[in-house]
Amino acid sequence: MRKQSGTEVFRITGARQGLADDVRGRQRRYIISMSVRTVSVVLATTLWNVERHVAVVALALGLLLPYVAVVIANAGRENAPSLPSTFVPAPVRPAALGTAATTGPAEPGPEPGSAGHTGDPRPAG
């Protein structure tokens, strides 16, 4: 069997990405950030006598980026996505026919617990 390179792979579980993939991604972000820092420091040194305000901004970026790069690299793993729910709610059944819909509105009766109520098992008196 030959592996096709253009096929799309779907993730059907709620599992996080593998540890090796996570470490590789963090290393890539760190290398990119440190490359930007190196370019900004080199830019600051070359522009120091030409464009001082641009050199100061590049130097500030070069000083700030190591902290940001380390925080991003050590940010930890991604949160696990929520798993799909396997609970299927029961369908809502309509009310039974022949109740209030066909007989009309119910007549208000006496308050519960009052003496003389026909459904009250306690003796009146």
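It should be emphasised that the depicted structure is a prediction, and the values quoted were computed from it without experimental measurement.

Next up on the list: the pattern of salt bridges. On inspection of all chains with the given rule, the structure shows two salt bridges. With its nearest N and O atoms 2.8 Å apart, the salt bridge here joins Arg 24 to Asp 21. Remark: Asp 21 and Arg 24 occur in helix 1 (residues 19-47); sequence separation between them is three residues, near one turn of the helix. Arg 24 gets classed as partly exposed once you look at its relative accessible area, which sits at 44%. Classification of Asp 21 by relative accessible area gives partly exposed; the value is 38%. In this structure, Arg 26 engages Asp 22 in a salt bridge whose closest nitrogen and oxygen atoms are separated by 2.9 Å. Separated by four residues within a single helix, Arg 26 and Asp 22 lie in helix 1, roughly one turn from each other. With relative accessibility at 18%, the residue Arg 26 sits in the buried group. Residue class for Asp 22 comes out buried when judged on its relative accessible area of 7%.

A few words on the packing of helix 1 against helix 2 (residues 52-73). The N-to-C vectors of helix 1 and helix 2 enclose an angle of 160°; their axes lie 8 Å apart at closest approach. Taken together, the axis directions place helix 1 and helix 2 in an arrangement best described as roughly antiparallel. In this structure, helix 1 crosses over helix 2, and the sense of that crossing is left-handed. Its residues assigned to classes, the contact of helix 1 with helix 2 comprises 18 nonpolar, three polar and four charged.

Here is what the cut-offs are and how they apply
Residues numbered from 1 in each chain as written. Predicted model: local features only at pLDDT ≥ 70, side-chain atom pairs only at ≥ 80, totals over all residues. Heavy atoms only, no water. Salt bridge = Lys/Arg side-chain N within 4 Å of Asp/Glu carboxyl O. Helix = DSSP H or I, 4+ residues; strand = E, 2+ residues; numbered from the N terminus. Buried < 20%, exposed > 50% of the residue type's maximum accessible area, 1.4 Å probe, protein only. Axes fitted to C-alpha atoms, helices over the stretch in contact; angles between N-to-C directions. Parallel < 35°, antiparallel > 145°, perpendicular 65-115°, else oblique. Left-handed = near helix turned anticlockwise from the far one by under 90°. Nonpolar A, V, L, I, M, F, W, Y, C, P; charged D, E, K, R; others polar.

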